[in-house]
Amino acid sequence: MKWTGDLAHFPYPFKDSTYRYSNNSIPMKQPLSIEVTPSYKKEMLLKRKLLSDHPERCYQSLLHSMTGQWEIVELVIDHLVSKYPQDFSVKKENNSWIFTNKILDEKIEFIFGEKNSLPCEPLFFISQHVQEDLIYMRQRDDNLYLDAGQLCFPANWSLAFNIGMKFKSIHHPIPGFKEEGLDQRILQFLMRLEAGTPWERLNWSLMAGDRLDTSLETFDQWGRLRKQVTSENAGELVHIRVEVQKLFRLPRTNSILFSIHTHLLALEQLATNSEWVQQFYEILSELPAHIIEYKGISNYKKAVLEYLEKQLQQVKTL
Amino acid sequence: MSIEAVFIKGKRKYIFCSDEYGSRVLSSVFEHVKKEKLAYEWYHFSAEKREWLEEFLSKQKMGTFLYVVLPYSELYTVQMMAKRIGFSSDETQYIGYGEKWISIFCCRCHELNRAEEQQTELTCHQCRLKLEVSDHYSELHHAFLGYPATG
Ligand code: HEM
Ligand SMILES: [Zn+2]
């Protein structure tokens, strides 16, 4: 299975010729928590298989998340229906809702707010209709806690371990985050997030292989590819992984929805754009060692740089 | 956590919770309480009776002071339990002995593994993955994350 080739939808993440950790969130132009791309069907199939084969790895929730989960159902359905009316529709009569997903040819009837009217928890249900992973952060005592989440395509972290964790503790593994006071600044930014004014940010990484499911739990299956990268195969094997992350204040529970849409692009496709190659080459050459190490690129950074140099030379000789 | 039990005066009642070794650590405070004819109760701890301890502690009234002397491997759970029930830090003294244990959450199978405090690597006893102990801590699991060991 190939997950690449969607150049038109690829959210190219770079602006400058250097990259550092920062609060790179920006207000969203189109306030939508979800996006449907051409790989929708393929990804829904994969996501549903992961959810049913590995429920504990892909889904976690705490008791007090139920009201927030319903709020997410409402937000996501409203976004799907308003952005893609030809693919999704909803009929609401009082609390009786009929949600139709025409892409997958499915019709789901339930009583909004009534847990027993669905075969699973509300967040689990709605996550089966969107490519995004959905994380519910509950706000209490001036802090944000990961109280529920559906996560099928993580970039090397474990939802099962992180469930119930505070925002700063979640970000504890990132080098320099605490020392630079970034965790505190971002937390404060999030606490001020207002309903109706969602923000988004892009996070990027490199990976060897094209798996969307790079959970920490399965690292032994996908991590070893890092050792097989050469400057010859890097174009095909190495992918740039970009997460479009969106932040929505949920007004009723005063909590936050964090949605993550993961995109993969093979370096050889990135290389179809010579400005991108040039910029990415500069960024990677200059990237500090602690970020290289954290993103897991140390093993194959050299091979990737050599590959990019070759691409740049080809451009020059054309 | 202290190393020696210290008598705290002016409490309505004193509870001594320990195993056999711990009762020796508590003996001087216990003698003191007896001499002054203060109210006290012993709870002889064993891991199987942990649930009864919760019930026992929940029944105590305000003004009760709690001494706990146990192996580190048990102390933490009792400490959490007492805190949950409502014992504050000025109503308790905890003394641990023996090897200090920490829990390591296996990143592959989610099993909790016991490790010594200084340990940096271990093999998950359930799925056999070699783990590297990190300082990434979950309060919910009371455990540190074990990442796949590299190299
Ligand atoms: C509120 C919801 C958020 C959640 C649940 C979340 C969760 C996470 C997790 C689980 C990681 C991986 C940590 C690990 O290695 O175990 C991470 C990494 C990171 N997060 Fe967040 N995050 C959130 C919001 C943000 C925001 C708003 C920012 C910045 C403005 C941010 C910046 C970062 C950065 C820079 C990394 C390192 C990524 C890399 O180098 O690849 N996060 N986040
Ligand atoms: Zn294991």
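Residues numbered from 1 in each chain as written. Chains lettered and ligands numbered in written order. Predicted model: local features only at pLDDT ≥ 70, side-chain atom pairs only at ≥ 80, totals over all residues. Heavy atoms only, no water.

## Comments concerning the overall build of chain B
Operational definition: Secondary structure elements are defined from DSSP: runs of H or I of at least 4 residues count as helices, runs of E of at least 2 residues count as strands, and each element is numbered from the N terminus. Remark: exposure states derive from per-residue accessible area (1.4 Å probe, protein chains only) relative to the maximum for the residue type, with buried under 20%, exposed over 50%, and partly exposed in between. Each accessible area is a Shrake-Rupley result for a 1.4 Å probe, and residues are judged covered by the shown protein chains and nothing else. Neither His nor the chain termini are counted; the positive set is Lys and Arg, and the negative set is Asp and Glu. All charge positions are set by atom: Lys at NZ, Arg at CZ, Asp at CG, Glu at CD.
Looking only at helices and strands, chain B features 4 helices and 9 strands. Along chain B, helices (α) and strands (β) appear in the sequence β-α-α-β-α-β-α-β-β-β-β-β-β when read from the amino end. Seen through its C-alpha atoms, chain B measures out along the principal axes to roughly 60 × 25 × 25 Å. Residues counted as buried form 39% of the 151 residues belonging to chain B. Accessible area for chain B stands at about 8,800 Å²; split by element, carbon and sulfur atoms hold 50% of it. Placing the 19 positive and 21 negative side-chain charges of chain B at their respective mean positions leaves the two points 7 Å apart.

## Section: the UniProt feature "domain: Dimethylamine monooxygenase subunit DmmA-like C-terminal" (unreviewed entry) in chain B
Here is the rule: UniProt positions are given in the numbering used here, feature names are shortened, and annotations may be inferred rather than shown by experiment.
In the numbering used here, UniProt assigns the "domain: Dimethylamine monooxygenase subunit DmmA-like C-terminal" (unreviewed entry) feature to residues 104-146 of chain B. Secondary structure content for residues 104-146 of chain B is 0% helix and 56% strand, and the end C-alpha separation is 6 Å.

## Side note on the coordination of the iron atom of ligand 1
Applicable threshold: For Na, K and Ca the donor cut-off is 3.2 Å, while for other metals it is 2.8 Å, and in both cases only N, O and S atoms qualify; water is not among them, so sites may look incomplete.
No protein donor other than His171 of chain A (NE2) coordinates the iron atom of ligand 1, and that contact is at 2.0 Å. If you trace the backbone, His171 of chain A turns up in the loop between α6 (167-170) and α7 (182-191).

## Some remarks on the domain arrangement of chain B
All names here are of chain B. Heads up, the condition is: Domain limits in this description derive from either an automatic procedure or a database domain assignment. Contacts are residue-level and defined by heavy atoms, with any inter-residue pair within 4.5 Å sufficient. When two components associate, each loses some accessible surface as probed by a 1.4 Å sphere; the sum of these losses over both components is called the buried area. Whenever a carboxyl oxygen of Asp or Glu lies within 4 Å of a side-chain nitrogen of Lys or Arg, that contact is scored as a salt bridge.
Each domain of chain B was delimited in the assignment, giving domain 1 (13-97) and domain 2 (101-148). Computed from C-alpha coordinates alone, the two centres of domain 1 and domain 2 are separated by 29 Å. Tallying the contact residues gives 4 residues for domain 1 and 4 residues for domain 2. When domain 1 packs against domain 2, the two sides together hide about 310 Å² of surface, and 56% of this comes from carbon and sulfur. Run the count over domain 1 and domain 2 and you get 0 salt bridges.

## Some details on the sheet that holds strand β2 (residues 59-61) of chain A
Residue and element names in this part refer to chain A. Put simply, the test is: Two strands form a pair only when DSSP identifies at least two bridges running between them. Each axis is a line fitted through C-alpha atoms, and for a helix only the stretch in contact is used; angles between axes span 0 to 180 degrees, taken between their N-to-C directions.
In spatial order, the strands read β1-β8-β9-β10-β6-β7-β2; together these 7 strands make up an open sheet with antiparallel pairing. Lying at the two open borders of the sheet, with one neighbouring strand each, are β1 (26-27) and β2. Relative to strand β9 (residues 238-250), strand β8 (residues 199-208) is paired through 10 bridges, and the arrangement is antiparallel. Following the sheet pairing, Met207 is matched in β9 by His239. Running over the sheet, helix α3 (residues 66-83) touches β2, β6 (133-140), β7 (143-150), β9 and β10 (255-266) and is turned about 110 degrees from β9.

## A few points about the pattern of salt bridges
In total, this model carries 16 salt bridges over all chains according to the counting rule given. We note a salt bridge from Glu54 of chain B to Arg84 of chain B, for which the minimum N-O separation is 3.3 Å. On the criterion of sequence distance, the pair formed by Glu54 of chain B in helix α3 (residues 50-58) and Arg84 of chain B in helix α4 (residues 72-85) is long-range, its members being 30 residues apart. Residue classification places Glu54 of chain B among the partly exposed residues on the basis of a relative accessible area of 28%. Judged by relative accessible area, Arg84 of chain B falls into the exposed class, the value being 58%. What emerges from the salt-bridge pattern is a single network uniting Arg57, Arg211 and Asp213 of chain A.

## Overview of the interface of chain B and chain A
What counts is decided by this rule: Under this definition, polar contacts are N or O atom pairs within 3.5 Å; protein pairs additionally need one hydrogen-donor-capable and one acceptor-capable atom, and for neighbouring residues in sequence, both atoms have to be side-chain atoms. Any residue outside Ala, Val, Leu, Ile, Met, Phe, Trp, Tyr, Cys, Pro, Asp, Glu, Lys and Arg is labelled polar, Gly included; the first ten of those are nonpolar and the last four are charged.
Taken together, the contact between chain B and chain A spans 16 residues of the former and 19 residues of the latter. In this assembly, chain B packs against chain A so that about 1,400 Å² is buried in total across both faces, 64% of it on carbon and sulfur atoms. Across the pair Glu139 of chain B and Lys166 of chain A runs a salt bridge whose closest N-O atoms are separated by 3.4 Å. At the boundary of chain B and chain A, one finds 6 residue pairs in polar contact (both at pLDDT 80 or more). Mapped by element, the contributors of at least two residues to the side of chain B that touches chain A are β8 (130-138) and β9 (143-148) of chain B. No other element matches the 5 residues that β9 of chain B contributes to the side of chain B that touches chain A. In terms of residue class, the side of chain B that touches chain A is built from 9 nonpolar, 4 polar and 3 charged.

## Quick notes on the coordination of the zinc ion (ligand 2)
As a reminder, the rule being used: Under this scheme a four-donor centre is tetrahedral when all angles range from 85 to 135 degrees, a four-donor centre is square planar and a six-donor centre octahedral when opposite donors are above 155 degrees with the rest from 65 to 115, and any other centre is irregular.
Only Cys106 of chain B (SG), Cys109 of chain B (SG), Cys124 of chain B (SG) and Cys127 of chain B (SG) from the protein reach the zinc ion (ligand 2) as donors, at distances of 2.3 to 2.4 Å. Relative to the metal, the 4 donor atoms surrounding the zinc ion (ligand 2) lie at angles of 103 to 113 degrees, and the coordination shape comes out tetrahedral.

## Let's talk about the packing of aromatic side chains
Residue and element names in this part refer to chain A. Spelled out, the test is: Stacked, edge-to-face and tilted labels apply to pairs of Phe, Tyr and Trp rings (six-membered ring for Trp) whose centres lie within 6.5 Å, assigned for plane angles under 30 degrees, over 60, and everything in between, in that order.
This model, assessed by the stated rule, comprises 32 aromatic pairs over all chains. A centroid spacing of 4.9 Å and a plane angle of 75 degrees characterise the contact between Phe219 and Trp222, whose relative ring orientation is edge-to-face. With Phe219 and Trp222 both in helix α8 (residues 219-222) and 3 residues apart, this pair spans about one turn of that helix. Accessibility classification places Phe219 together with Trp222 in one group, the buried group.

## Focus: α3 of chain A
Cut-off, in case you're wondering: Multiply 1.5 Å by the residue count of a helix minus one, and that product is the helix's expected span.
Along its 18 residues, α3 of chain A runs 26 Å from first to last C-alpha, staying within 8% of the 26 Å computed at 1.5 Å per residue. Of the positions making up α3 of chain A, those classed as buried are Met66, Gly68, Gln69, Trp70, Glu71, Ile72, Val73, Leu75, Val76, Ile77, His79 and Leu80 of chain A.

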